Amino acid sequence: LGRMVVKVLRQKLKALWPDIRNDRILGLGYAVPYLPSYFSKAERVIAAMPAGQGVLPWPTEEANASCLVEPSHLPFPDYSMDKILLIHYLEGAEQLQQVLRECWRTLSDGGSLLIVVPNRRGIWARVDKTPFGHGTPFSRDQLDKLLRENMFTPTQCERGLYMPPTDSRLALSLAPVWQWLGRTLFERFSGVILMEAKKQIYAGNVQPAKAKARKFVPVVKPIPKS
């Protein structure tokens, strides 16, 4: 089931990001299974694993490209990434706004953020045995609003995982059929939502000017003689 999920989502990710030549790509969350396909064309690929998840050396046969991070304080310079893949993390994050603001800071001007989250209406969000059955699922409108509130402009949205979350060999062998039926008959009930958003360059985090504090200087006033 896990391999089938990776296969289906890889196809969706490739359709959303068809050209990644010379890009700097950061995978945040459970992104490792989806990153190898970017290695041959991207300038660099980094897997950032949240502190609560733990970290392992990756890839196993090449120089390490993984690191342990606190997503609300990413250890990367401003404008250092062209694309960020945020997969299976947002639904369990406690500081949504801070994580998205860090992604905004790290992305280059015009950079892309691609989020994969469980669909609130889908059956995958209701089955505990899959990773997508934990945390808070999203509807398309909720994800769209969240991105816009944090200085991103949604540009593309796809849906995936229409097959039932079961290890049945028969169900897995019919995965392509389930995908076709889902796109045709019950698109809103997909297992996951994939949404790409562009960084809003003009929406900087402008802080309002603070009013100057008034200072009170004590004055010694002599007491008149009676």
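On a predicted model such as this, the values are computed, not experimentally measured, just so you know.

**Student:** An account of the packing of aromatic side chains is needed here, citing residue identities and associated values.
**Tutor:** The tally for this structure, following the rule as stated, stands at three aromatic pairs. Seen from their ring centres, Phe 39 and Trp 58 are 5.3 Å apart, and the 50° between their planes marks the pair as tilted. Pair noted here: Phe 39 is in the loop between strand S1 (24-29) and strand S2 (44-50) and Trp 58 is in the loop between S2 and strand S3 (66-69), with a separation of 19 residues, a long-range link. By relative accessible area, Phe 39 is classed as partly exposed at 29%. Given the relative accessible area of 9%, Trp 58 is considered buried. Ring geometry for Tyr 162 and Phe 186: centres 6.0 Å apart, planes at 75°, overall edge-to-face. Of this pair, Tyr 162 sits in the loop between strand S6 (152-160) and helix H4 (169-173) while Phe 186 sits in the loop between helix H5 (175-185) and strand S7 (192-199); the two residues are 24 residues apart in sequence, bridging distant segments of the chain.

**Student:** Just give me the short version of the side chain of Ser 108, but keep the residues and values in it.
**Tutor:** Structurally, Ser 108 can be placed in strand S5 (residues 107-118). Within the structure, the side chain of Ser 108 is placed 3.2 Å from the side chain of Asp 82, a separation counted as a polar contact. Those residues within four positions of Ser 108 in sequence are excluded, and the remaining contacts are Arg 24, Tyr 79, Met 81, Asp 82 and Lys 199.

Rules used throughout
- Residues numbered from 1 in each chain as written.
- Predicted model: local features only at pLDDT ≥ 70, side-chain atom pairs only at ≥ 80, totals over all residues.
- Heavy atoms only, no water.
- Phe/Tyr/Trp six-rings, centres within 6.5 Å; stacked < 30°, edge-to-face > 60°.
- Helix = DSSP H or I, 4+ residues; strand = E, 2+ residues; numbered from the N terminus.
- Buried < 20%, exposed > 50% of the residue type's maximum accessible area, 1.4 Å probe, protein only.
- Polar contact = N/O pair within 3.5 Å; in protein donor to acceptor, adjacent residues only side chain to side chain.
- Contact = heavy atoms within 4.5 Å.

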